[in-house]
Amino acid sequence: MSTVLQNRKGIVLFVCMVIVLLLNFYGYDRNFQLDSELLTSGPMMAKLEGVGKNPAYGLGRYHDVNKTWWDYAKPSAQKREGYKDGYGINFSSIVVVRNYYTNEMLPKAKEVLFENGQKLPISKYAFENNQAIIMFNRDLPLSKAIYGDVTQIRLVDENGNLLPVGIVSDYRSQFGLQGYIFNGLESHILSFNHWKNIYKGVCILLLSVVLALLIFLIRKKYCILLAVGFFLTFITSPWIRNFSPNLYWVEFTWFVPMLVGIFASMHMDSAKVKILAYILAFISILFKSLCGYEYISTIMVSLIAFPLADCFLYQLKHNYKARNQALKLIIGLGLSALIGFVFALIIHGHIRGNGDVWQGLINIYNQDILRRTWGTNPRLVGAENIASIKAGALDVLKVYIFKWHTEVLLGLGARLFPVIAASPVVIWFISYKKHLLAKWDLRIIFLYVIFFAATISWYVLAKQHSFIHRHMNYVLWYFGFIQVCLYSWLKAVELYLGSKGILQLKSTEKVEDK
């Protein structure tokens, strides 16, 4: 009977955590990472407009004569000196945005069809910065009152046929599995006008379930304080919250490998569970990599973080049988993850190389990997990002340790991160001096080091990506590191209150020793 009650209590607690996480994540910033998310919705917009796209890639940017969908934040291209509403005041000309569409279509265009139904032959066109200027052989200037809204023009080819209203540029840097999924659902279940908020809600729900499961297992394997540290971090982190609904980032895929790792570490004696864990590790890393390679080193280290902490503890206690079990699990999970990653690269390489996997992999290395890691060719990153090539790994780490521009957690300002990061070391040193270190679970101390290494692995390996993307990569500190820091505060308070006789608690730690 007590087991039934405990199970019911656990289920209720789990559901409550999911609900709290879900409601919290719905407070996300609606403008956060819209440029990335529009890679997913770009193909949907193209479908709505009747524009075809290359089916090989799941992601892409939609462009038309008026705008690039992902370029929503830039000023209107119609704002130009000597022009009103996109029409030349003194000359027979119009100005529209310069983008992938106008670059590709204007050379093919011979006429412009205006909103009023009138066609005018193009005499010439020119590109200036982010604008395309189209000129006509007419003495009098045109106007919006007669010809209509300039954003509604259509381009006409030499045969009198309308050119496509828009065009999709493939996002070739990854396979784009999430794009295939959302576009497939949009085709068979929901129309374009209804999909967005529902799919965002699904992403938030999946993330909430994954994180609640993770917290639940942490409570079971370690202690309530570490579980509380994870829970409080997830609900007070602006970064976790803002990424949660994004259809490009599909944040729940980041934490599934960690969930697999802790589950496997709790059942190292079970061959069936280990085989299942290897399969899940392969699938989770494959799925994440097909959705995008971002943060993959951090995610793969988080997969083995918990069994690795166990391994260190067993080595310290000279429990070599248990250490070897943990080591075998780590190797098995690591190899499974590596195979999943390689499979994703092969699938992606097959597309990039038009069927030639090896050529595709070379293209991925030269055009994507180098510009995100330690490539030295300025043409790979663009003139505006030359500084990322010159920056060293230490320069990048300084940015992510000392130059925060958001709260770390709710109420904890940006400048506090170095203090937060160093505080566990200070607390453990004081505990050592006061002969209280034995009251700490050493596995969690090891997790502090492992999660720190997991985070900086991406900052160092993907040095140029990290230097450029300072508007988002701070989220990597929430892959366990800040959670352990918060736990150390909670544990320190517990020990202090216990030493003063204010709070008498039985040990909250669960130390494994086989």
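Procedures and definitions
- Residues numbered from 1 in each chain as written.
- Predicted model: local features only at pLDDT ≥ 70, side-chain atom pairs only at ≥ 80, totals over all residues.
- Heavy atoms only, no water.
- Axes fitted to C-alpha atoms, helices over the stretch in contact; angles between N-to-C directions.
- Helix = DSSP H or I, 4+ residues; strand = E, 2+ residues; numbered from the N terminus.
- Parallel < 35°, antiparallel > 145°, perpendicular 65-115°, else oblique.
- Left-handed = near helix turned anticlockwise from the far one by under 90°.
- Contact = heavy atoms within 4.5 Å.
- Nonpolar A, V, L, I, M, F, W, Y, C, P; charged D, E, K, R; others polar.
- Buried < 20%, exposed > 50% of the residue type's maximum accessible area, 1.4 Å probe, protein only.
- Arc of directions from axis to C-beta.
- Phe/Tyr/Trp six-rings, centres within 6.5 Å; stacked < 30°, edge-to-face > 60°.
- Lys NZ or Arg CZ within 6 Å of the ring centre and 35° of its normal.
- Pairing = 2+ DSSP bridges.
- pLDDT = per-residue confidence, 0-100.
- Core = buried A, V, L, I, M, F, W, Y, C linked by side-chain atoms within 4.5 Å.
- Polar contact = N/O pair within 3.5 Å; in protein donor to acceptor, adjacent residues only side chain to side chain.

## Examining the packing of helix H11 (residues 296–316) against helix H17 (residues 442–461)
Stage number 1. Viewed as axis vectors pointing N to C, H11 and H17 meet at an angle of 150°, and their least axial separation amounts to 8 Å. The orientation of H11 relative to H17 falls into the category roughly antiparallel. Seen along the crossing, H11 lies across H17 with a hand that is right-handed. When H11 is examined against H17, the residues Ile 296, Ser 297, Thr 298, Val 301, Ala 305, Phe 306, Leu 308, Ala 309, Asp 310, Phe 312, Leu 313 and Leu 316 are found in contact with a partner set consisting of Leu 442, Arg 443, Phe 446, Leu 447, Ile 450, Phe 451, Ala 454, Thr 455, Ser 457, Trp 458 and Leu 461.
Stage number 2. Counted by class, the contact of H11 with H17 contains 17 nonpolar, four polar and two charged residues.

## Here's the deal with helix H15 (residues 393–402)
Stage number 1. Among all positions of H15, only Ala 393, Val 396, Leu 397, Val 399 and Tyr 400 are buried. Seen along its axis, H15 keeps its buried residues to an arc of 155°; they face one direction. For H15, exposure combined with an orientation more than 90 degrees from the buried face picks out Leu 394 and Phe 402.
Stage number 2. Buried positions along H15 lie against helix H16 (417–433), H17 and helix H18 (463–468).

## Some remarks on the packing of aromatic side chains
Stage number 1. Counted by the stated rule, this structure contains 40 aromatic pairs.
Stage number 2. Sitting over the ring of Tyr 28, Arg 30 keeps its end group 3.9 Å from the ring centre.

## Overview of the pairing of strand S4 (residues 93–97)
Stage number 1. Judged by how many residues are buried, S4 sits mostly within the fold: five of five residues are covered.
Stage number 2. With five bridges connecting them, S4 and strand S7 (residues 131–136) associate as antiparallel partners. Paired with Val 96 across the two strands is Ala 132, which belongs to S7.

## As for the environment of Pro 245
Stage number 1. Looking at where Pro 245 falls in the secondary structure, it is placed in the loop between helix H8 (238–243) and helix H9 (252–265).
Stage number 2. Taking the relative accessible area as the measure of exposure, Pro 245 reaches 2% and is therefore buried.
Stage number 3. With 217 residues separating them along the chain, Pro 245 and Tyr 28 place their C-alpha atoms 7.7 Å apart.

## What to know about the confidence of the model for the protein chain
Stage number 1. Put simply, the protein chain has an average pLDDT of 86, and 89% of its residues get 70 or more.
Stage number 2. A low-confidence stretch, residues 70–75 stays under pLDDT 50, and its non-local contacts, those more than four residues away or across chains, total eight contacts.

## Things to note about the nonpolar core
Stage number 1. Counting residues in each nonpolar core, the largest one holds 116 residues, and the members touching the most others are Phe 255, Tyr 295 and Trp 404.
Stage number 2. Setting aside chain neighbours within four positions, we find Trp 404 in contact with Trp 239, Val 399, Ala 414, Phe 417, Tyr 474, Trp 477, Tyr 478 and Ile 482.
Stage number 3. Core analysis: the next-biggest nonpolar cluster, separate from the first, contains 22 residues, Ile 94, Ile 134, Leu 142 and Leu 155 among them.

## Some points on unusual backbone geometry
The phi angle of most residues is negative, glycine excepted, and most peptide bonds adopt the trans form.
Stage number 1. Of note, Gln 33 is a non-glycine position whose phi angle comes to about 55°, a positive value.
Stage number 2. Positioned with a positive phi, His 318 is a non-glycine residue whose angle comes to about 60°.

## Structural notes on the side chain of Ser 488
Stage number 1. Following the sequence through the fold, Ser 488 ends up in helix H19 (residues 481–499).
Stage number 2. Relative accessible area serves as the criterion here: at 0%, Ser 488 is assigned to the buried category.
Stage number 3. A polar contact of 2.5 Å, which involves the side chain of Ser 488, links it to the backbone oxygen of Cys 485.

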